[in-house]
Amino acid sequence: MADLKHKILMVSDFFYPNFGGVENHIYYLSQCLLKLGHKVVVMTHAYGNRSGVRYMTGGLKVYYVPWRPFLMQNTLPTVYGTLPIIRTILIREKISLVHGHQAFSTLCHKALMHARIMGYRVVFTDHSLYGFADIGSIHMNKVLQFTLADVSQAICVSHTSKENTVLRSGLPPEKVFVIPNAVDTAMFKPAPERLGNDEIVIVVISRLVYRKGADLLVEVIPEVCRLYPNVRFIVGGDGPKRVRLEEMREKHSLQDRVEMLGAVPHARVRSVLISGHIFLNSSLTEAFCIAILEAASCGLLTVSTRVGGVPEVLPEDMSVLAEPDPSDMLRAIGKAISLLPNIDPQLMHSRMKKLYDWHDVAKRTEIVYDRALKCPDQNLLERLSRYLPCGRWAGKIFCFVMIIDFLLWRLLQLWQPTEDIEEVPEFTLPHHQDDGMISNFNEDQSLR
Amino acid sequence: MYCYCNHPWLESAPSLTKLFTQTENATFKIDDSVVKAGENMQIQTAPAVLPSSDIKEIGKAIDMHCVVVRKSNAKGFFLFLSAAIVLANASYLVLLKDLGEIELQCGAFPQIAFTCALVLYCIICDKSINILLWSFLLSVFLVKLLIWKRVMKESVVVMPTFGVQLETHYVSGRIVRRFVPIGKILKPVLLECVTPVTCYWSLSLLLRGEAELMLVFKELRPPVKMLIPIWKALCGASGIKEGSDS
């Protein structure tokens, strides 16, 4: 099983230079898969003037396809528009497996659909939780149901997320795997010297939006400041709720005790984290909180709301959980302050190192890939029968969409036969690899 | 001379693609034979570099690579077909005029607009024969427009220690020549390009003091198999070792 090497195409609208959990996940997973000897290619949409082919560390090839994003970094949902380019990339890179990320990436859904029509095995990773009741979620869930109806295997980042995905998409639970995220522990090291305990610093780093519980912060911070005179807050992040926090600061005249940093670039997150003792996470919903992992890896004690996949992230003695309600959070912060003298950041860091590792994530993902490749090959009719039970009308519409896609694919095969698409030559990186420029050049060399 | 063609029996399909979408898949011939002293090779400039050389040596020194588009009948056929449709539409209108009716005939793709224009003209001037004349002119214009942009061949003439001349020959007989002195070339590079519908390889020149790359083949997108020998020749001419990073 180990010598089976895959050629994987990662597809998502979310990739660098945009920054976030999904982008990080794809990058680290790809890097570790490359180290395991697989071939990985990333496909995303163009960001600004960054379009075309780029190479990243380790020869990770990224296609920035020039389809303009229109909303929240998502490409326009033209259902069939991307078929030719996806087909070209799949053929020229000799891909064996397509891995899509994130439920609200339209590019991912399109790629998975086209790849299925062309008979490729597909794996899907869901990174977030969703509701069931509002209009947006109902629509999203239908789209997800459509994509997942025919997916070979699915991956979720936590057990809560798995439960959520299975409920939303009607996917059989035995097809869904749970592989938690990891953290780059080498990047998030605790401060070399332990901070003094006479002043306690609580760090909050999150986007200041409703979902991240900025309103909870507005109620909790003044109370904590009143009860514990030696506590200071550092708030990093920006968003629509920032105004509310600043209002609160003015109202309770806490300017000297609440520091607002604004948006913190990811490279600076560690330097902010190590200036504090306690990390406070007030999210209202969360599939898997990477911020907690980063804080714990820096040796901070975590206080968090007990929502979504958060309770699965850390062992009990490394975090204090509370209900998403100000009084309970106040209690949790009090408990954390009392626990603080027993916390050793270095010990915490070394424990995190053992618990979370991207290489481990890659190995587990590899197993999912192997399983996906073992799935029996089905013809179009068998596959169409999976869409029909999706709903009385939706099922028929899904079938229709797939049939059109199939016809378009056949037409494209006549138009541009598979043999006409040039395959990209394989190349291996020398050990003194520097960056993209050199790898690009080596590729040219290998063409000879 | 070596020809490149994957599927001779499917030739019409790629040329169709070329005609409509410009997502290149035309079939090419490559001509990398060493050129015997030709009229337009600017050999007059060579003696400055190679003072005592005879014709044969110059021929050896100058390296010419041509990428020739294979002539396909389908393309020409489509051109004249569309022209014929325009004419047919016009004569149909003339006939209609005789019957005293005006009916919009939605023919093939661009003809709708032309038909509308013709109908308008027909109403205003009330002269049937003029329509025929005008549509004839229009179709000539159409054919001319399409032929004007059609490329017959593109060639790279490498003159060692002197420079590189890039030529684009159009079917219309128009020739666009660009000359790049050897000192200006920083490095020839083979790049992968991505468009919203396809990927292709392109050979470009990195020029000193210019922000943008210069495309060696401005109009055509030959396959990478053809580009490699040209890339190597360019590397050799610009004195850059292929395996080293300048």
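The structure presented is a predicted model; accordingly, all values stated were derived computationally and were not measured. (Residues numbered from 1 in each chain as written. Chains lettered and ligands numbered in written order. Predicted model: local features only at pLDDT ≥ 70, side-chain atom pairs only at ≥ 80, totals over all residues. Heavy atoms only, no water.)

Residue and element names in this part refer to chain A. On the basis of which strands lie adjacent, the open sheet formed by six strands has the order E13-E12-E11-E14-E15-E16 and parallel pairing. With one partner strand each, in any of the chains shown, strand E13 (258-262) and strand E16 (319-322) form the two edges of the open sheet. For this sheet, the mean inter-axis angle between neighbouring strands, taken without regard to orientation, is 20°. Looking at chain direction, strand E14 (residues 278-281) and strand E15 (residues 301-305) are connected through four bridges and run parallel. Counterpart to leucine 280 in the pairing with E15 is valine 303. (Pairing = 2+ DSSP bridges. Helix = DSSP H or I, 4+ residues; strand = E, 2+ residues; numbered from the N terminus. Axes fitted to C-alpha atoms, helices over the stretch in contact; angles between N-to-C directions.)

A:Met10, A:Phe15, A:Ile221, A:Phe233, A:Leu245, A:Leu273 and A:Leu280 are the most contacted members of the largest nonpolar core, which has 99 residues in total. Sorting elements by how many residues they give to this core places helix H1 (residues 21-35) of chain A first, with eight residues. Both domain 1 (7-182 + 359-436) and domain 2 (200-356) of chain A contribute no fewer than three residues apiece to this core. Not counting the four nearest positions on each side in its chain, A:Phe233 is found in contact with A:Ile202, A:Ile221, A:Val224, A:Cys225, A:Arg257, A:Val258, A:Glu259 and A:Leu280. Counting residues in hydrophobic clusters, the runner-up holds 82 residues, among them A:Leu144, A:Cys156, B:Leu227 and B:Trp231. (Core = buried A, V, L, I, M, F, W, Y, C linked by side-chain atoms within 4.5 Å. Buried < 20%, exposed > 50% of the residue type's maximum accessible area, 1.4 Å probe, protein only. Domains from an automatic or database assignment. Contact = heavy atoms within 4.5 Å.)

In this section: helix H8 (residues 266-273) of chain A. Residue and element names in this part refer to chain A. Listed as buried for H8 are His266, Val269, Val272 and Leu273. Along the axis of H8, the buried residues cluster in a sector spanning 90°; they form a single face. At its buried positions, H8 is contacted by H1, strand E11 (200-205), strand E12 (231-236), E13, E14 and helix H9 (290-297). (Arc of directions from axis to C-beta.)

This next bit is on the pattern of salt bridges. Residues and elements named next belong to chain A. This structure, assessed with the given rule, holds 22 salt bridges over all chains. Between arginine 116 and aspartate 150 there is a salt bridge whose closest N-O contact spans 3.0 Å. Taken together, the residues arginine 116 in helix H3 (residues 106-117) and aspartate 150 in the loop between helix H4 (135-148) and strand E9 (153-156) connect sequence positions 34 residues apart. When the shortest N-O distance is used, the salt bridge between arginine 306 and glutamate 323 registers 2.7 Å. One end of the pair, arginine 306, is in the loop between E15 and helix H10 (310-313); the other, glutamate 323, is in the loop between E16 and helix H11 (326-339), with 17 residues separating them in the sequence. (Salt bridge = Lys/Arg side-chain N within 4 Å of Asp/Glu carboxyl O.)

Let's shift gears to the pairing of E15(A). For E15(A), the tally of buried residues reaches five of five residues, placing the bulk of the element in the interior. Residues A:Leu301, A:Val303 and A:Thr305 line one face of E15(A) and the alternating positions A:Thr302 and A:Ser304 line the opposite face, and both faces are buried.

Counted according to the given criterion, the structure contains 12 aromatic pairs over all chains. Ring plane angle 15° and centroid distance 5.4 Å describe the contact between A:Tyr28 and A:Trp358, whose orientation is recorded as stacked. A residue pair is termed long-range when its members are at least 10 positions apart, and A:Tyr28 in helix H1 and A:Trp358 in helix H13 (residues 358-374) qualify at 330 residues. Across the pair, A:Trp358 and A:Tyr28 agree in class, each one buried. Taking 4.5 Å as the distance between ring centres and 35° as the angle between the ring planes, the aromatic pair formed by A:Phe146 and A:Phe398 counts as tilted. Of this pair, A:Phe146 sits in helix H4 while A:Phe398 sits in helix H15 (residues 394-415); the two residues are 252 residues apart in sequence, bridging distant segments of the chain. These aromatic residues form a ring-pair network of at least three members: A:Phe15, A:Tyr16, A:Phe19, A:Tyr27, A:Tyr28 and A:Trp358. Sitting above the plane of the B:Tyr170 ring, B:Arg174 keeps its charged end 4.2 Å from the centroid. Here the guanidinium or amino end of B:Arg221 rests over the ring plane of B:Tyr200, the centre of that ring lying 3.9 Å away. (Phe/Tyr/Trp six-rings, centres within 6.5 Å; stacked < 30°, edge-to-face > 60°. Lys NZ or Arg CZ within 6 Å of the ring centre and 35° of its normal.)

Moving on: the side chain of B:His169. Residues and elements named next belong to chain B. As for its placement among the helices and strands, histidine 169 is situated in strand E5 (residues 163-170). Residue histidine 169 is classed as buried on the basis of its relative accessible area of 10%. Here the side chain of histidine 169 touches glutamate 167 through a polar contact of 3.0 Å, side chain to side chain. With residues near it in sequence (within four places) discarded, histidine 169 still touches Val151, Met152, Lys153, Ser155, Arg174 and Ile175. (Polar contact = N/O pair within 3.5 Å; in protein donor to acceptor, adjacent residues only side chain to side chain.)

Honestly, it's all geometry; don't read function into it.
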